[in-house]
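Below are the chains, spelled out letter by letter.
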Amino acid sequence: MPRALITGVTGQDGSYLAELLLGRGYEVHGIVRRSSSFHTERIDHLYTDPHLLGDDGHGEPGGLRLHYGDMLDGTALRRILDAAQPDEVYNLAAQSHVRVSFDQSEHTADVAGLGALRLFEAVRDHARAAGRPVRVYQAGSSEMFGLAPAPQNEASPFLPRSPYAVAKVAAHHFGVTFREAYGLFIANGILFNHESPRRGETFVTLKITRAAARIRLGLQDRLYLGELDARRDWGFAGDYVVAMWLMLQQPVPGDFVVATGESHSVREFLEAAFGRLELDWQAHVVLDPRYRRPVEIPHLCGDSTRARATLGWTPRVRFAELVAMMVDHDLDLAQRERAGGAPPNVGPGSRAPGPGRA
Ligand code: G4F
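Residues numbered from 1 in each chain as written. Predicted model: local features only at pLDDT ≥ 70, side-chain atom pairs only at ≥ 80, totals over all residues. Heavy atoms only, no water.

**Observations regarding the nonpolar core**
The biggest cluster of nonpolar side chains holds 64 residues, and the ones touching the most others in it are L21 and Y90. Broken down by element, this core gets its largest block of residues, eight residues, from helix α7 (residues 237–247). In this structure, this core is formed jointly by two domains, domain 1 (3–193 + 234–262 + 300–316) and domain 2 (200–232 + 264–298 + 318–347), each of which donates at least three residues. Residues contacting L21, with those up to four places away along its chain left out, are A4, I6, Y26, V28, Y90 and W245. In this structure, I31, A122, V136 and F178 belong to the second largest nonpolar core, which totals 22 residues. (Core = buried A, V, L, I, M, F, W, Y, C linked by side-chain atoms within 4.5 Å. Buried < 20%, exposed > 50% of the residue type's maximum accessible area, 1.4 Å probe, protein only. Helix = DSSP H or I, 4+ residues; strand = E, 2+ residues; numbered from the N terminus. Domains from an automatic or database assignment. Contact = heavy atoms within 4.5 Å.)

**So, unusual backbone geometry**
Following A150, the chain continues to P151 via a peptide bond in cis, the omega torsion being 0°. For P151, the position within the fold is in the loop between β5 (135–141) and α5 (163–182). Of note in the backbone geometry, Q85 takes a positive phi value of approximately 50° without being a glycine. Note that Q85 resides in the loop between α2 (74–84) and β4 (88–91). Even without glycine at this site, E278 takes up a positive phi of about 55°.

**Focus: helix α8 (residues 266–276)**
Along an α-helix, residues three or four positions apart point the same way, because every turn accommodates 3.6 residues. Restricting attention to buried positions, one finds in α8 the residues V266, F269, L270, A273 and F274. Burial along α8 is one-sided: seen end-on, the buried residues are contained in an arc of 115°. Check the buried side of α8 and you find it contacts α6 (204–216), β8 (223–225), β12 (264–265), β13 (285–287) and α10 (319–338). Directly beyond the C-terminal end of α8, a positive phi value near 55° is found at E278. (Arc of directions from axis to C-beta.)

**Details of the site of the ligand**
Taken together, 25 residues lie near the ligand, and S96, S141, S142, K207 and E296 sit nearest. V204 has a polar backbone atom sitting 2.9 Å from an oxygen atom of the ligand. Here the ligand, which alone exposes 710 Å², has 97% of that area covered by the protein. Counting residues per element, the ones that place at least two in the shell around the ligand are α6 and β8. For the shell around the ligand, the class distribution of residues is 11 nonpolar, seven polar and seven charged. When residues of the shell around the ligand are assigned to domains, at least three fall in each of domain 1 (3–193 + 234–262 + 300–316) and domain 2 (200–232 + 264–298 + 318–347). (Near = heavy atom within 4 Å. Polar contact = N/O pair within 3.5 Å; in protein donor to acceptor, adjacent residues only side chain to side chain. Areas by Shrake-Rupley, 256 points an atom, 1.4 Å probe, with all protein chains shown as cover. Nonpolar A, V, L, I, M, F, W, Y, C, P; charged D, E, K, R; others polar.)

**Structural notes on the pairing of strand β6 (residues 185–191)**
Side chains on a regular strand alternate between the two faces of the sheet. Of all seven residues making up β6, seven are buried, and the element is well covered by its neighbours. Two strands pair when backbone bridges link them, and β5 and β6 are joined in this way by seven bridges, in the parallel orientation. When the bridges of β6 are listed, G140 appears paired with I190. Here β6 pairs with strand β11 (residues 255–258) via four bridges, running parallel. The residue of β11 that forms the bridge with I190 is V257. (Pairing = 2+ DSSP bridges.)

**Structural notes on α2**
If you check which residues of α2 are buried, you get G74, A76, L77, I80, L81 and A84. Within α2, the buried residues cover an arc of 155° as seen down the axis, which keeps them to one side. Seen from the open side of α2, the exposed residues pointing more than 90 degrees away from its buried face are R79 and A83. On its buried face, α2 sits against β1 (3–7), β2 (27–32), β3 (63–68), β4 and α4 (105–130). With a side-chain oxygen positioned 3.3 Å from the backbone nitrogen of T75, the residue opening α2 is D73. Where α2 terminates, the next one or two residues include Q85, which has phi positive at roughly 50°.

**Looking at the sheet that holds β4**
The parallel open sheet is built from seven strands, whose spatial order is β3-β2-β1-β4-β5-β6-β11. Whereas interior strands pair on both sides, the edge strands pair on one side only; in this sheet they are β3 and β11. For this sheet, the mean inter-axis angle between neighbouring strands, taken without regard to orientation, is 20°. Across five bridges, β1 lies against β2 in parallel orientation. Paired with T7 across the strands is I31, a residue of β2. Each of β1, β2, β3 and β4 is contacted by α2, which is oriented at about 155° to β3, the strand it contacts most. (Axes fitted to C-alpha atoms, helices over the stretch in contact; angles between N-to-C directions.)

**Thoughts on the pattern of salt bridges**
With the rule as written, the count across this model stands at 23 salt bridges. A salt bridge links D103 to R99; the nearest nitrogen and oxygen atoms lie 3.5 Å apart. With a gap of four residues between them, D103 and R99 both fall in helix α3 (residues 98–103), about one helical turn apart. By relative accessible area, which is 44% here, D103 ends up partly exposed. (Salt bridge = Lys/Arg side-chain N within 4 Å of Asp/Glu carboxyl O.)

**What to know about the packing of aromatic side chains**
Under the definition given, this model contains 10 aromatic pairs. Their ring planes at 65° and their centres at 5.3 Å tell us that W234 and F269 sit as a pair that is edge-to-face. One end of the pair, W234, is in the loop between β9 (231–232) and β10 (235–236); the other, F269, is in helix α8, and 35 residues separate them in sequence. Given a relative accessible area of 3%, W234 falls into the buried group. Overall, the relative accessible area of 0% leaves F269 in the buried class. Through a chain of ring-to-ring contacts, three or more aromatic side chains come together here, namely F120, F178 and Y182. It is R199 that lies over the ring of F203; its NZ or CZ is 3.9 Å from the centre. (Phe/Tyr/Trp six-rings, centres within 6.5 Å; stacked < 30°, edge-to-face > 60°. Lys NZ or Arg CZ within 6 Å of the ring centre and 35° of its normal.)

As structure tokens, this is what we get:
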């Protein structure tokens, strides 16, 4: 039975990837940061209580197993590698909010940049001690391209414009360096924006779909946003984790752009989401400079020719279907909220401007 270790397993991508790997017969190990409140709602449906696994808490191989750890703690990463003995490691953990990275630049660089280095060093030592290869997926980002003209592919220059993007560029180069210096199998995915109903609530797509649904049902009236003219290449996260897995099944490691090749502005996303609910977004959206970044990336649109040709990967969900999936999900949530069920955690931006600046 193959074993995989996922950093960032509680996030959107981690949950879809864990589902994919469990479905393919993997034993999946995930790293969870210690917190006084639970934040495992995206993977709760996949997790088996260790008390049900047998006397030693391990029982039969398989299933999803969680370990406390942190990308800031190299010692813990090494212990987790020893415990999990993974064949494949997927590094998805990061402080991934671009706007927040301007407020928490050192923390973002530590987690997303140095964190990757800590993991690569730990894998290097673990693979040598265990005497077997370990394949690593490093989650890069289209943010690394920054001001490089669209469409961006693997040959485009990295011109990052945020502390987050700079950290991701460093992690990318650490990966390439460790690949060349030590012969480690490290594949760099350069993923363009990928969304789903499981998206974090402070990213613009879910912020819009959640607000549109609540406005439709009279639960709120305004939505505060920043830059509306920025264009992004939005795909479906469930499709993108397939590309991650395929990268680790190749005979040699490489770097791959993963994208739909179609870009839309935030304004177009608003039109599509509010339009699905027969709402006029202009009657509800208020521009708020708090949600702008100090510098913006005007246009990201990916050319994923290499991934399509080498991995045989193709995105299945296109823009209109993605928007519909997210709006319909959030309408269902809002209906339950109005009926008196547990309200969704409405994020900053659905309320009047407060300290939240995401
Ligand atoms: O949804 P966003 O915050 O995503 P962004 O910055 O493109 O980054 C996401 O995708 C990257 C892949 O390319 C990942 F690496 C990264 O971790 C993250 O997942 O913002 C999208 C656009 C931006 O141009 C932003 O300025 O929407 C604009 N925007 C306008 N108003 C807003 C808002 N973004 C957010 N988060 N909140 C707003 O109120």
